[in-house]
Amino acid sequence: MSTASCLLTEDQFLCSICLDVFTDPVTIPCGHNFCKTCITKHWDKNDCQCPNCKKTFYTRPELQVNTFISEMAAHSSEHQVSKPGEVPCDVCTGTELKALKSCLVCQASYCETHLEPHLTMSGLKRHQLIDPVENLEGSMCTKHDKLLELFCKTDQMCVCMLCSISDHKTHDVVPLKEEYEGKKAELGKTDAEIQQMIQKRWLKIQEMKRSVELSKKDADREIAAGVQVFSALKESVERSQAKLINNIKEKQRETEKQAEGFIKELEQEISELEKRSSEVEKLSSYKESLITFQSSPSLNAAPPTKDWTGVSVRPPSYEGTVVRAVNQLEETLSKQMKNLFKAELKRVQQYAVDVTLDPDTAQPKLVLSDDGKQVEHGDVKKNLQDNPQRFYPCPCVLSKQSFSSGRFYYEVQVKMKTKWDLGVARESINRKGNITLSPHDGYWMICLRNKNEYYACAEPPVRLSLKCRPEKVGVFVDYEEGLVSFYDVDAAALIYSFTGCCFTHKLYPYFSPGLNDGGKNSAPLIISPVNYTE
C-alpha cells in the first residue's frame, strides 16, 4: 500500500472545492468526489449540480462515504510533500517528501518509506534517530562527531555534550533550544522594533503626502489670488489706457468739429462771393450807359463777410496728458496695493506669538518694564553680572523666546523715537564689543537713524524711502522659507523683506532702543499686542 501511494499525485487527494486533502470524502452519482461539508454548502447556495461536470440532479442525492479515498487521503497525509521550511527526505528522487526522522550516524533525513530500514534492520536499529534536522552535517561537532545540541555563551558557539565537559567545562553552557528561544525572543523584539520603525515611516510618508496636498491647495489658492490681483491691475491699466486714448481722441474730434464749422462758413462766403463776381462780370459785359450800373447799386460793393484775420484752428495741447493719466493710474494702483497689503498683513498676523524681553541679555544701561514688554535706554549703568549672554556695550536685548522652525510674528511700537533697531538675530551672534548688523553676522534688521533715515541692514545697507514714519512695526519670519519681512502696521504697507535666508540656528527677536541722546530718544520700544487688521 505504501509503495502504491507513492505513485499517486497529491492532487488526486484534493477536493476540487476547498483545494485541500479530502475530509470525510463522499461520492455523488456522477462519480466525482468532494468533502462532505464542501458539497453540502455548495448545494445550499447553488443549484443541485456537480461542480466538476455540471450534471444537474432534480433531487438532492444521498451522499455516500468513499472509504477508499478516505483511507488513501489519510495515508497520503502521512506522506506529505515537503514544504518550504520543512526538512525534506535526502533519499527521495523526484518529489521530495517530508522527513520524519534524521539519523546522527548516517547524517541523513528520511521520509516514512525510507525510514523503514532503520526501524526493521538490526544493524540500523542501533543508529540514533532524532527529530528532522536541516543541514544535519553542519549540525554535527567536527571534533566528537556528536550533535551540536548545546550553546556556549562564553565563546558564543554551538557545542556538543562532550565539548561541554571538556573544552567548555567552566563555561556558561545552556541547551541550544533555550538559547534559540532566547535569540528568537530577541529577534521578535527586534522585529517588533523594526515594524514600529516601518510604521512610523509610513506615518511620516502619509504626513508628507498630506503636507504636499495642503501645499498644493495653498499654492492653488495663492495662484488664484495672484491671478485675481494681477487681472485687476491689468484691467486698471487697460481702463486708464482706454480713458487716455478717449480723452485724446475727444480733443481731436472737437478740433476737427471746430475746423469743419469754420470751413463750412468760409465755403458759404466763397459761394456768395463767386455769385457776386459772376453778376459783376455779366454787367460789365453790357455796352450800356452809366444808367444801367446805377440801376443795380447792390452790385457796386462786395457782399457782407466775416473778418477772418484773427480766426484760426489751434491744435489741442497734449502736454501732461499722459503724465496725468499715469498719476491717476498710480493712485488707483496704490489703493489696490494698500488693500493687497492689508490682506497680506492680516494673513501673517495669524502667526502672532507672545514675546517678552530677557533681562539676562540686556545691556546694563537698558531699563526693562516688569512685564518684559518695554525697553528704553537709561543714563545709569546697573551693576549686573556680565554673563556671556549679555550685550555690552551695545544697547541691545533679546527675547526670552527662540524659534527654530515654522512661522512667527510680533509687533513693536516705535512712536516718538529718533533711533531704533528691530529684527531677529541668530543665537550664536557676538554680544561683546562693536556689532555689525548684517545677515553675514547673524542679524536681519531694519533701523532708524537721525530721526528720518530708515535702512535695511543688508550687505550693503539699503536706504528705505517710506511715505510716512511708521509708529508700529510688524516683524514676520518664515524659518523654512528663509524670509524676514517688516510691515508698517498702521499703513498696512510692506517696509522691507530679506529673502533667500538660510537659517540653521535658533532665532531670537532683537530690540535696540538706541541711546537716550539727552532725552531726545527717551521713548521706549513697546512690544504691543496684535490687533488683527480689519
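Residues numbered from 1 in each chain as written. Predicted model: local features only at pLDDT ≥ 70, side-chain atom pairs only at ≥ 80, totals over all residues. Heavy atoms only, no water.

A short note on the overall build of the protein chain
Here is step 1 of the chain: Looking only at helices and strands, one finds nine helices and 24 strands in the protein chain.
Here is step 2 of the chain: In terms of overall size, the protein chain is more extended than a compact globule, its C-alpha atoms giving a radius of gyration of 53 Å where 534 residues would be expected to give roughly 24 Å.
Here is step 3 of the chain: Across its three principal axes, the protein chain shows a C-alpha extent of roughly 180 × 95 × 45 Å.
Here is step 4 of the chain: Of the contacts formed within the protein chain by residues at least 6 apart in sequence, a portion of 55% connects residues at least 24 apart.
Here is step 5 of the chain: Summing over all exposed atoms, the protein chain offers an accessible surface of approximately 34300 Å²; the carbon and sulfur share of this is 53%.
Here is step 6 of the chain: Distance from the positive charge centre (68 side chains) to the negative charge centre (74 side chains) of the protein chain: 6 Å. (Helix = DSSP H or I, 4+ residues; strand = E, 2+ residues; numbered from the N terminus. Rg over C-alpha atoms; globule rule 2.2 N^0.38 Å. Contact = heavy atoms within 4.5 Å. Areas by Shrake-Rupley, 256 points an atom, 1.4 Å probe, with all protein chains shown as cover. Lys, Arg positive; Asp, Glu negative; His and termini not counted. Charge placed at Lys NZ, Arg CZ, Asp CG, Glu CD.)

Quick word on the sheet that holds strand β14 (residues 407-413)
Either a parallel or an antiparallel arrangement is found when strands of a sheet pair, and the pairing is made through backbone hydrogen bonds.
Here is step 1 of the chain: Strands sit in the order β10-β11-β24-β14-β20-β21-β22 across an open sheet of seven strands; the sheet is antiparallel. One side of each edge strand has no neighbouring strand; the edge strands of this open sheet are β10 (366-368) and β22 (493-498). Averaged over all pairs of adjacent strands, the angle between strand axes in this sheet comes to 20 degrees, irrespective of strand direction.
Here is step 2 of the chain: Where β14 and strand β24 (residues 525-528) come together, three bridges link them in antiparallel fashion. Residue pairing for β24: Glu411 is matched across the bridge by Ser528.
Here is step 3 of the chain: Against the sheet, helix α9 (residues 321-349) makes contact with β14, β20 (472-478), β21 (483-488) and β22, and its axis sits at roughly 110 degrees relative to β14, the strand it touches most. (Pairing = 2+ DSSP bridges. Axes fitted to C-alpha atoms, helices over the stretch in contact; angles between N-to-C directions.)

Details of the packing of helix α7 (residues 176-284) against α9
Here is step 1 of the chain: Here α7 crosses α9 at 165 degrees, and the two axes come no closer than 10 Å. Considering their axes alone, α7 and α9 lie roughly antiparallel with respect to each other. Both α7 and α9 take part in a crossing whose hand is right-handed. Touching Glu222, Val229, Ala232, Leu233, Ser236, Val237, Ser240, Lys243, Leu244, Ile248 and Lys251 of α7 are Thr321, Val322, Ala325, Gln328, Leu329, Thr332, Leu333, Gln336, Leu340 and Arg347, all from α9.
Here is step 2 of the chain: Grouping the amino acids of the contact of α7 with α9 by side-chain chemistry returns 11 nonpolar, six polar and four charged. (Parallel < 35°, antiparallel > 145°, perpendicular 65-115°, else oblique. Left-handed = near helix turned anticlockwise from the far one by under 90°. Nonpolar A, V, L, I, M, F, W, Y, C, P; charged D, E, K, R; others polar.)

Some points on the pattern of salt bridges
Here is step 1 of the chain: Taken as a whole, this structure holds 18 salt bridges when the rule is applied.
Here is step 2 of the chain: One salt bridge connects Lys204 with Glu207, and the closest N-O pair in it is separated by 3.3 Å. Taken together, the positions of Lys204 and Glu207, both in helix α7 and three residues apart, correspond to about one turn of that helix.
Here is step 3 of the chain: Given the relative accessible area of 38%, Glu207 is considered partly exposed.
Here is step 4 of the chain: Taken together, the shared-partner salt bridges connect Glu222, Glu344 and Arg347 into one network. (Salt bridge = Lys/Arg side-chain N within 4 Å of Asp/Glu carboxyl O. Buried < 20%, exposed > 50% of the residue type's maximum accessible area, 1.4 Å probe, protein only.)

A look at the packing of aromatic side chains
Aromatic ring pairs: the centre-centre distance and the angle between the two ring planes describe each pair.
Here is step 1 of the chain: Tallying each qualifying case throughout the model produces 12 aromatic pairs.
Here is step 2 of the chain: Taken together, a centroid distance of 5.6 Å and an interplanar angle of 80 degrees make the contact between Tyr443 and Tyr510 edge-to-face. With Tyr443 in strand β17 (residues 443-449) and Tyr510 in strand β23 (residues 507-512), this pair connects stretches of sequence that are 67 residues apart. Summarising the burial analysis for this pair, Tyr443 and Tyr510 share the class buried.
Here is step 3 of the chain: Grouped by ring-pair contacts, the aromatic residues Phe391, Tyr443 and Tyr510 constitute a single cluster.
Here is step 4 of the chain: For Lys306, the ring lying beneath its charged end belongs to Trp308, and the centroid distance is 4.6 Å. (Phe/Tyr/Trp six-rings, centres within 6.5 Å; stacked < 30°, edge-to-face > 60°. Lys NZ or Arg CZ within 6 Å of the ring centre and 35° of its normal.)

Side note on a nonpolar patch on the surface
Here is step 1 of the chain: Side chains of Ile194, Ile198, Trp202 and Ile205 sit close together on the surface and give an oily, nonpolar patch of about 350 Å² of accessible area.
Here is step 2 of the chain: Within the secondary structure, Ile194 sits in helix α7. (Patch = residues over 30% accessible without salt bridge, like charges linked within 9 Å, V, L, I, M, F, W, Y side chains within 5 Å.)

As for the nonpolar core
Here is step 1 of the chain: Grouped together as the largest cluster of nonpolar side chains are 36 residues, with contacts concentrated most on Trp420, Ile446, Val473, Phe498 and Phe511.
Here is step 2 of the chain: In this structure Ile446 touches Trp420, Asp421, Leu422, Tyr455, Ala456, Leu464, Val473, Phe486, Ile495 and Tyr496, once residues within four positions along its chain are discounted. (Core = buried A, V, L, I, M, F, W, Y, C linked by side-chain atoms within 4.5 Å.)

Considerations on the pairing of β17
Here is step 1 of the chain: Within β17, six of the seven residues are buried, which leaves the element mostly enclosed by the surrounding structure.
Here is step 2 of the chain: In the sheet, strand β15 (residues 420-426) pairs with β17 via six bridges, with the strands oriented antiparallel. Directly across from Gly423, in β17, lies its bridge partner Met445.
Here is step 3 of the chain: Bridge analysis of β17 against strand β18 (residues 453-456) gives four bridges, and the strand direction is antiparallel. Looking at the pairing, Leu448 lines up with Tyr454 of β18.
Here is step 4 of the chain: Turn length for the β17-β18 hairpin, with the two strands adjacent in sequence and antiparallel, is three residues, and the turn residue Asn450 shows positive phi of about 50 degrees.

Some points on α9
Here is step 1 of the chain: Taking 1.5 Å per residue, 29 residues should reach 42 Å; α9 reaches 42 Å between its end C-alpha atoms and fits that length.
Here is step 2 of the chain: Taken residue by residue, α9 has Thr321, Ala325, Leu329, Leu345, Val348 and Gln349 as its buried positions.
Here is step 3 of the chain: The inward-facing, buried residues of α9 contact α7, β14, β20 and β21. (Expected span 1.5 Å × (residues − 1).)

A closer look at the environment of Lys251
Here is step 1 of the chain: Its place among the elements puts Lys251 in helix α7.
Here is step 2 of the chain: Residue Lys251 is classed as partly exposed on the basis of its relative accessible area of 30%.
Here is step 3 of the chain: With residues up to four places along the chain from it excluded, the contact list for Lys251 reads Pro316, Ser317, Tyr318 and Thr321.
Here is step 4 of the chain: Of note is the side chain of Lys251, whose polar atom sits 3.2 Å from the backbone oxygen of Ser317. (Polar contact = N/O pair within 3.5 Å; in protein donor to acceptor, adjacent residues only side chain to side chain.)

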